[in-house]
Every structure is written in structure tokens, then in C-alpha cells.
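# Coordinate inspection notes
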Amino acid sequence: MAASIQNPVKCEVRSVICFLHAKNECPADIHRQIVSVYGNIMNTQHVTKWCRAFSEGRTDVHEEHRTGRSSVISGALLRRTEEAIQANRLLTLREQHKIIPELSMTTLHECVTVTLRYHNLCARLFPKMLTEEHKKKRMVFALDFLTRYCRNR
């Protein structure tokens, strides 16, 4: 799983918590000041948690990277999914799920649409990225259509 991007506003708020905590402000007052400036971006419990962490000697305001649950989408499963799509672009997700039963329908949908970047067009799966050749053909067809349209007017 890719490293998550830290929210810069939350890092700024944690810096404010660190500063105000160093000035011996209580968590409730810190929360009140944060809400008045930033809005309800963090609840009182999180402010208290960060104050406790700074009391215990923490100096870093960034959250630690959490690995979380490992992804079930391996390179081999991606290759099998792509090969199935390339073999038959008319496959539905249900049919692909029968071919690759170890992936749930939700995970399979994410794999096809997000990871492999395919989308459904006229019941066929196509890559979202067009090659230069595809773009040229598309322009030729569009110009042909426009010239026919202008002649028939």
C-alpha cells in the first residue's frame, strides 16, 4: 500500500497543540482555541491524546506511517485479471469473478477500474489511456463526421 499523504492542516493543528501544551494550556482550552481558528477539525479526545503524547516526550507532530492491512491484490492477480480482459473484453465482473474467485467483487472492481484503469464502454472494457495512434484515428473519425454533417445541412 502506498504511503499516505499527511494533511498539512492537521500537521499545523498538531503544531499548535504542541505549542499551547508547552505553554501549560489545558486540552479543553486548546480545543476551544483550535475550533475558533480552524473550525471543528479535531475533537477534544484527539487534542487530549496529542497533549498526553507531548507530555510523554513526543516532539514529532506527524503521524507515524501505518501499514494497515496488506493488499490482497498481488502482481500475479493483476496479471491474471489483465490477461482475462485482454482475452475477452466482453467479460463482465461476474464472469471475471468466476475466473478469479479469490478476489471479492469489490476488490475486483477496484483492481479493474482503479489499478488497471479500464472503464466500460459499450459493454467492452477499454484502457482509459489512449495511445497517439488512437488519438489520431479519433481525430480522423471526428473530422469525417463533421464534414458529412456540414454537407447534409
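Residues numbered from 1 in each chain as written. Predicted model: local features only at pLDDT ≥ 70, side-chain atom pairs only at ≥ 80, totals over all residues. Heavy atoms only, no water.

With that settled, the discussion passes to the pattern of salt bridges. When the charged atoms of two side chains lie near each other, side chains of opposite charge can form a pair. Within this structure, the stated rule accounts for 5 salt bridges. One salt bridge connects Asp-29 with Arg-32, and the closest N-O pair in it is separated by 2.5 Å. One end of the pair is Asp-29 and the other is Arg-32, both in helix α2 (residues 27-38) and 3 residues apart, which spans about a single turn. Among the ionic pairs, Glu-133 bridges to Lys-137, the shortest N-O distance being 3.3 Å. Within this pair, Glu-133 and its partner Lys-137 are both found in helix α7 (residues 132-152), separated by 4 residues, close to a single helical turn. Taking relative accessible area as the criterion, Lys-137 reaches 42% and is therefore assigned partly exposed. (Salt bridge = Lys/Arg side-chain N within 4 Å of Asp/Glu carboxyl O. Helix = DSSP H or I, 4+ residues; strand = E, 2+ residues; numbered from the N terminus. Buried < 20%, exposed > 50% of the residue type's maximum accessible area, 1.4 Å probe, protein only.)

Right, let's talk about unusual backbone geometry for a bit. In this structure, Asn-24 takes a positive phi of about 65° despite not being glycine. Mapped onto the fold, Asn-24 is located in the loop between α1 (8-22) and α2. Although it is not a glycine, Arg-117 sits at a positive phi angle of roughly 60°. What makes Arg-117 partly exposed here is its relative accessible area of 41%.

Now for a nonpolar patch on the surface. Taken together, Met-139, Leu-143, Phe-145, Leu-146 and Tyr-149 make up a surface patch of nonpolar side chains, about 560 Å² in accessible area. By secondary structure assignment, the location of Leu-143 is in helix α7. (Patch = residues over 30% accessible without salt bridge, like charges linked within 9 Å, V, L, I, M, F, W, Y side chains within 5 Å. Areas by Shrake-Rupley, 256 points an atom, 1.4 Å probe, with all protein chains shown as cover.)

For the rest of this paragraph, the subject is the packing of α1 against helix α3 (residues 44-55). At a minimum axis separation of 10 Å, α1 and α3 run at an interaxial angle of 60°. The pairing of α1 with α3 is recorded here as oblique in orientation. The element α1 and its partner α3 pack so that their crossing is right-handed. Residues Arg-14, Ile-17, Cys-18 and His-21 of α1 lie in contact with α3, whose contacting residues are Val-47, Trp-50, Cys-51, Phe-54 and Ser-55. Class assignment for the residues of the contact of α1 with α3 results in 6 nonpolar, 2 polar and 1 charged. (Axes fitted to C-alpha atoms, helices over the stretch in contact; angles between N-to-C directions. Parallel < 35°, antiparallel > 145°, perpendicular 65-115°, else oblique. Left-handed = near helix turned anticlockwise from the far one by under 90°. Contact = heavy atoms within 4.5 Å. Nonpolar A, V, L, I, M, F, W, Y, C, P; charged D, E, K, R; others polar.)

This next bit is on α3. With 12 residues, α3 extends 16 Å from end C-alpha to end C-alpha; this agrees with the ideal 16 Å at 1.5 Å per step. Looking at α3, one finds that the buried residues are Val-47, Trp-50, Cys-51, Ala-53 and Phe-54. Burial along α3 is one-sided: seen end-on, the buried residues are contained in an arc of 160°. Among the exposed residues of α3, those pointing more than 90 degrees away from its buried face are Gln-45 and Ser-55. Those residues of α3 that are buried lie in contact with α1 and α2. (Expected span 1.5 Å × (residues − 1). Arc of directions from axis to C-beta.)

Geometrically, a packed helix pair is captured by the angle between its two axes and the distance between the axes. Contact pair α2 / α3: the axes reach a minimum separation of 9 Å and the direction vectors enclose 125°. What the angle tells us is that α2 and α3 run oblique. Of the two elements, α2 crosses α3, and the hand of that crossing is right-handed. Contacts from Pro-27, Ile-30, His-31 and Ile-34 in α2 reach Thr-44, Val-47, Thr-48 and Cys-51 in α3.

With that settled, the discussion passes to the packing of aromatic side chains. Going through the model one piece at a time under the given rule, you end up with 2 aromatic pairs. Ring centres of Trp-50 and Phe-54 lie 5.8 Å apart, and the angle between their planes is 35°; this geometry places the pair in the tilted category. Pair noted here: Trp-50 and Phe-54 are both in helix α3, with a separation of 4 residues, about one helical turn. In this structure, Trp-50 and Phe-54 share a single accessibility class: buried. Aromatic pair Phe-145 and Tyr-149: ring centres 6.4 Å apart, planes at 20°, arrangement stacked. Highlighted residues: Phe-145 and Tyr-149, both in helix α7, separated by 4 residues, approximately one helical turn. Judged by relative accessible area, Phe-145 falls into the exposed class, the value being 56%. Take Tyr-149: its relative accessible area is 45%, and that puts it in the partly exposed class. (Phe/Tyr/Trp six-rings, centres within 6.5 Å; stacked < 30°, edge-to-face > 60°.)

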